[in-house]
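# Notes for the structure review
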Amino acid sequence: MNYFQRLRDIRHDRDLTQAQVAEILQIGQSDYSKYERGVNMMGVDKYMALAKFYNISLDYLTGLTDTPKTLDGSPYSYKTKNK
């Protein structure tokens, strides 16, 4: 799986729109759309912000591993909402 597909899949898992994620990253929706399509690469600061927001490891978010884990190393649970 491409890293940009993972961005879309995690966003869908949380039932969020591109506009909502773009707001979290303080960018425009069209800029975020380019990240999800693989047109532009997202900076590490944006990846860190999403990892914290989603509580998911950077390794999984960037496609380095296919095993999702939370930031503390425990298994990631799909369809969980942030508190």
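See the structure above.
What comes next is a walk through the structure.

## Re the pattern of salt bridges
The final tally for this structure, using the stated rule, is 4 salt bridges. Ionic pairing is found between D66 and R6, a salt bridge with its closest N-O pair at 3.1 Å. Remark: R6 occurs in helix α1 (residues 3-13) and D66 occurs in the segment after α5 (58-61); sequence separation between them is 60 residues. The class for D66 is exposed, based on a relative accessible area of 59%.

## Thoughts on the packing of aromatic side chains
Per the stated rule, a full pass over the model turns up 3 aromatic pairs. The interplanar angle of 90° and the centroid separation of 5.2 Å between the aromatic rings of Y3 and F4 together place this pair among those described as edge-to-face. A relative accessible area of 18% means that F4 is categorised as buried. Ring centres 6.3 Å apart and planes at 90° place the aromatic pair Y32 and Y35 in the edge-to-face group. Of this pair, Y32 and Y35 both sit in helix α3 (residues 29-37), 3 residues apart, roughly one helical turn. One Lys or Arg, R6, reaches over the ring of Y60 and ends 3.9 Å from the middle of that ring.

## Here we look at a nonpolar patch on the surface
Taken together, the side chains of V44, M48 and L58 make up a nonpolar region of the molecular surface, amounting to roughly 260 Å² of accessible area. Within the fold, M48 resides in helix α4 (residues 44-54).

## Some thoughts on the packing of helix α2 (residues 18-25) against α4
The interhelical angle for the contact between α2 and α4, taken along N-to-C directions, is 115°, at an axis separation of 10 Å. Classified by the interaxial angle, the pair formed by α2 and α4 is roughly perpendicular. Pair α2 / α4 crosses with right-handed handedness. Across the interface between the two elements, V21, I24 and L25 of α2 pack against K46, A49, L50, F53 and Y54 of α4. Residue composition of the contact of α2 with α4, grouped by class: 7 nonpolar, no polar and 1 charged.

Rules and cut-offs
Residues numbered from 1 in each chain as written. Predicted model: local features only at pLDDT ≥ 70, side-chain atom pairs only at ≥ 80, totals over all residues. Heavy atoms only, no water. Salt bridge = Lys/Arg side-chain N within 4 Å of Asp/Glu carboxyl O. Helix = DSSP H or I, 4+ residues; strand = E, 2+ residues; numbered from the N terminus. Buried < 20%, exposed > 50% of the residue type's maximum accessible area, 1.4 Å probe, protein only. Phe/Tyr/Trp six-rings, centres within 6.5 Å; stacked < 30°, edge-to-face > 60°. Lys NZ or Arg CZ within 6 Å of the ring centre and 35° of its normal. Patch = residues over 30% accessible without salt bridge, like charges linked within 9 Å, V, L, I, M, F, W, Y side chains within 5 Å. Areas by Shrake-Rupley, 256 points an atom, 1.4 Å probe, with all protein chains shown as cover. Axes fitted to C-alpha atoms, helices over the stretch in contact; angles between N-to-C directions. Parallel < 35°, antiparallel > 145°, perpendicular 65-115°, else oblique. Left-handed = near helix turned anticlockwise from the far one by under 90°. Contact = heavy atoms within 4.5 Å. Nonpolar A, V, L, I, M, F, W, Y, C, P; charged D, E, K, R; others polar.

All we've got here are geometric facts, nothing functional implied.
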